[in-house]
Amino acid sequence: MSTATLSDELVVQRAEPLNVYALAFSPNSQWLAVGTGDGTIEIYAALDGCRLHGVCRALDAPIRALDWSADSIVIMANSDEFDLGFFDARSCEQLPAPATRNAEWASWSCAVGWASKGIFARFENPRDVQCIGRSTDGSTLAVGDAFGGVSLLSFPAVSFVAGAVSYVAHGGRVSAVAWSASDGALFTVGADDGCVMQWRHSLGDDEGGGGLVAYGASASGVLQYGSGGKQHSGSGMQYGAEQYNGGGMQDGGALEYGGEYGGVAGAVEEQLFDSEVEEEVETDRGQLDSSLGSGLGDSEGSFLVAVGEAPGYAAIHAPSDYIPAEEALEPPDGHLLLEHAYGFSGWARGNLLLTSTGELVYPTACLCVIANVRGRSASQRFFAGHTAPVCALALHPSGALVASAQGGTSPYSCVWNVGTSQTLATMPGMHSSAIVALAFSADGRLLASVGLDAAHTLALYDWEAQTMLAAASCGPELVCGCAFASDGSLATCGAGHLTLWTLVARYAEDDDGRVEAMALIGRSADLSQLRAPSILLCVAFTPRGACATGMASGELLLWENGSLTRSVRAQSGAVHALALLGGSLLCAGRATKVGVWSDELDQLGSYDLRAALDSLQDAWGKPLGASTASLSVRTLVMDAGGRIFVGTRASELFELIVNNGGGGEMLNALFVSKNSIFGRGAPVRSLRGRAAYKYRYMWRRQIENTLLKQ
């Protein structure tokens, strides 16, 4: 593949259809080593048409990491079962480990090896070490773990009490780390969240993190992940600038990273869905299980023996000139500053906000990204107050505050300031499973949240006082959304479910006399007129107080006092997203158009999404086209300037600038993708340049405004 065009130049036909888990070019570019699923290493002559040079009959498990010696002669390999082997690339013969003890290595990605053996003391389970990578200058080792953590250690990391500086951004396993050629940037990839994080590596005095605090710099101990019985070590390092112990944030101290980041598998009950949305619901369930359900410590496999008992440990030999007294115990001098997060959690609904300052807020793994999308640039800031993937957002009526909530078995929600990324309030303790919906009241005083537990618990908070006022069960059926009306009433919707809630005061007698308590009283809407199955996927209130809902069957419904007053066929597929702009209602879902409706459900016009997507090309002129997932809109917002931001089930974000006939430029820009930073063949951001610190939109296309004349 050419780095100039990212186009295929050569396809190698391999003799056996084996999975490939590791690739490594030799330093002299002559050889390409390929680690396979059956434990063999295939060596190709990279400069001779990728001709197969030979096969090393290597290890007894899939090859997970490969490194070359600086002279391009010796290959070091690690397997899934912590085997360590050395091979002569010329003869493809295995070498005795002691013969390689003084080899100089061009890279170091093999976790089981002399120069990285100290990293395993930081984890209870060796499999929690997912990937490692040495910096180009050989001074720093980056480690990605099973809990979303990225750590820096001085290289070589030989001592079991070596110090580290650690950061958390990913929502699960970190599957790959890679340094830029100048060591100015570190890239990390999340296996569960599908996101790529770009970190600036700085040796100066500027603070690391980029909104993410450097979580500890202890010279001893083991990383401590979790709380409440989920500890993975003894004393250990703690994560964060504040301490979250399941009962709230405490000033000072450190965040005990992880919380109880538990599973939600099985929490989403089986439902009968029509064929149109069955695929998407199953996708939702899979995303929740993978992104929110990774239990701390339950990393892939069940290899629980100490790493010192692993087969590869017998092959570890220190260099002949090794002096133990010179082991590096202090953390490295460098810091990481998170600069850019490539990703968007598009499987959730309503996860895209437009603030009063014109910035977008959306979830990426454990982060809330605050993106400046004005002009050609797309700079980012971050809110990093969560320890598990963020799965729900809500915008305060002021437009300056955001509520965000996470998954796991002990989830919590935060209210924070968009301008400063500072936490204003934290509401933990109520929900026992992922929080899937949030909403602020019209006056901004109350915050509602809905959990994914079996009862789908609805909780109502006075968020400024960090006090829960009342809670109620929404029932056994899946809840998809919630919204407040201007009069303070609340609606929740879901599978066979639309309930209007009112907060009332009740009184009880106790030893101290009469005590006032608040309660949520629910009244179910009359769904008898809807064809089964009646799945209401989204809800919003119009300015005059009517309740609008979108159905899985494509209908847009209007409700007054719990009774259906109007139904229109709004989409050819499921309606997943509703957004208000003045007196108009934007409607989108699994269809080719974004509809514009009045608050009486009279159609005003539409925007053709398929036509815009079909015209997209990547930076090298290749058409991208519109996939089915790209045409399934999960969330949308629009500003007064005519910009529509659309988030899809394919975890893509589009910006559509609508031309109202003035001849101005119309833009459709795909600018972020979760599943891969290569949006079907092209990088979503330009990664060219010295340290890849420049970002730009890559696609500009015209779309036609089909808004009907009044």
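This section reports on the structure supplied with the text. (Residues numbered from 1 in each chain as written. Predicted model: local features only at pLDDT ≥ 70, side-chain atom pairs only at ≥ 80, totals over all residues. Heavy atoms only, no water.)

### Considering the pairing of strand 11 (residues 149-154)
And step 1. Most of strand 11 sits out of view: 6 of its 6 residues are buried.
And step 2. The sheet contact formed by strand 10 (residues 140-145) and strand 11 spans 5 bridges and is antiparallel. Looking at the pairing, Ala142 lines up with Leu152 of strand 11.
And step 3. The turn linking strand 10 back onto strand 11 is made up of 3 residues, and Gly148 within it adopts a positive phi angle of 90°. (Buried < 20%, exposed > 50% of the residue type's maximum accessible area, 1.4 Å probe, protein only. Helix = DSSP H or I, 4+ residues; strand = E, 2+ residues; numbered from the N terminus. Pairing = 2+ DSSP bridges.)

### Quick word on the sheet that holds strand 12 (residues 164-168)
Either a parallel or an antiparallel arrangement is found when strands of a sheet pair, and the pairing is made through backbone hydrogen bonds.
And step 1. Read from one edge to the other, the open sheet built from 4 strands follows the order 9-10-11-12, with strand pairing classed as antiparallel. Here the strands that pair on one side only, and so sit at the sheet edges, are strand 9 (129-134) and strand 12. This sheet shows a mean twist of 20° between the axes of neighbouring strands, independent of strand direction.
And step 2. As paired elements, strand 11 and strand 12 share 5 bridges and run antiparallel to each other. Note that in strand 12 the partner of Gly149 across the bridge is Val168. (Axes fitted to C-alpha atoms, helices over the stretch in contact; angles between N-to-C directions.)

### Remarks on the pattern of salt bridges
And step 1. Within the structure shown, the criterion is met by 11 salt bridges.
And step 2. When the shortest N-O distance is used, the salt bridge between Arg90 and Asp88 registers 3.0 Å.
And step 3. A relative accessible area of 10% means that Asp88 is categorised as buried.
And step 4. Close ionic contact of Asp192 with Arg173 constitutes a salt bridge, the shortest N to O distance being 3.0 Å. Highlighted residues: Asp192 in the loop between strand 14 (185-190) and strand 15 (196-202) and Arg173 in the loop between strand 12 and strand 13 (174-179), separated in sequence by 19 residues.
And step 5. Given a relative accessible area of 12%, Asp192 falls into the buried group.
And step 6. For Arg173, a relative accessible area of 23% corresponds to the partly exposed category. (Salt bridge = Lys/Arg side-chain N within 4 Å of Asp/Glu carboxyl O.)

### Re the sheet that holds strand 24 (residues 401-406)
And step 1. With respect to topology, 4 strands assemble into an open sheet ordered 23-24-25-26, the strand pairing being antiparallel. The sheet is open, and its two edges are formed by strand 23 (390-395) and strand 26 (423-428), each paired on a single side. Mean inter-strand twist for the sheet, computed between neighbouring axes without regard to direction, equals 20°.

### Focus: the side chain of Asp67
And step 1. Topologically, Asp67 is positioned in strand 5 (residues 63-68).
And step 2. Of the buried charged residues, Asp67 lacks a salt bridge, with Arg134 as the closest side chain of opposite charge at 7.5 Å.
And step 3. There is a polar contact of 3.3 Å between the side chain of Asp67 and the backbone nitrogen of Trp108.
And step 4. Once residues within four sequence positions are removed from consideration, Asp67 is found in contact with Val74, Ile75, Met76, Trp105, Ser107, Trp108, Ser109 and Cys110. (Lys, Arg positive; Asp, Glu negative; His and termini not counted. Polar contact = N/O pair within 3.5 Å; in protein donor to acceptor, adjacent residues only side chain to side chain. Contact = heavy atoms within 4.5 Å.)

### Some remarks on unusual backbone geometry
Apart from glycine, the bulk of residues carry a negative phi angle, and the bulk of peptide bonds sit in the trans form.
And step 1. In this structure, the amide linkage connecting Phe155 to the following residue, Pro156, adopts the cis form with an omega of 0°.
And step 2. Secondary-structure assignment places Pro156 in the loop between strand 11 and strand 12.
And step 3. The phi dihedral of Ser29 falls on the positive side, at around 65°, and the residue is not glycine.
And step 4. With respect to the helices and strands, the residue Ser29 is situated in the loop between strand 1 (20-25) and strand 2 (31-36).
And step 5. Owing to a relative accessible area of 39%, Ser29 belongs among the partly exposed residues under this scheme.
And step 6. Positive phi outside glycine occurs at Ser421, with the angle close to 60°.
And step 7. Here Ser421 is to be found in the loop between strand 25 (412-417) and strand 26.
And step 8. Since its relative accessible area comes to 17%, Ser421 is described here as buried.

### Quick word on the pairing of strand 2
And step 1. Burial within strand 2 is extensive, with 6 of its 6 residues counted as buried.
And step 2. Neither face of strand 2 is left uncovered, since the one carrying Trp31, Ala33 and Gly35 and the one carrying Leu32, Val34 and Thr36 both have all their residues buried.
And step 3. Two elements, strand 1 and strand 2, share 5 bridges in a ladder whose sense is antiparallel. Residue pairing in the sheet places Phe25 in a bridge with Leu32 of strand 2.
And step 4. Counted along the chain from strand 1 to the antiparallel partner strand 2, the turn is 5 residues long, and its residue Ser29 has a positive phi close to 65°.
And step 5. The antiparallel hairpin formed by strand 2 and strand 3 (residues 41-45) contains 4 residues in its connecting segment, where Gly39 sits at a positive phi of about 85°.

### Focus on the layout of surface pockets
And step 1. In this structure, the second largest pocket occupies an estimated 1,300 Å³ of space.
And step 2. Of all the elements in the fold, those that place two or more residues in the lining of the second largest pocket are strand 19 (353-354), strand 23, strand 27 (435-440), strand 31 (479-484), strand 35 (536-541), strand 39 (575-581) and strand 43 (633-638).
And step 3. The element contributing the most residues to the lining of the second largest pocket is strand 39, with 6 residues.
And step 4. Its residues placed into classes, the lining of the second largest pocket shows 34 nonpolar, 11 polar and 2 charged. (1 Å grid on protein atoms, 1.4 Å probe; cavity = no way out; pocket = protein on both sides within 12 Å on 5 of 7 lines; lining within 4 Å. Points joined across faces, edges and corners; volume = space filled by probe spheres on them. Nonpolar A, V, L, I, M, F, W, Y, C, P; charged D, E, K, R; others polar.)

### Description of the state of the cysteines
And step 1. Tallied over the entire structure, the rule returns 0 disulfides.
And step 2. Cys92 carries a free sulfur, and the closest cysteine sulfur to it, the one in Cys56, is 4.2 Å from it.
And step 3. No disulfide involves Cys366; its sulfur sits 9.5 Å from that of Cys195, the nearest cysteine.
And step 4. The exposure class assigned to Cys366 is buried, which follows from its relative accessible area of 2%. (Disulfide = S-S within 2.5 Å.)

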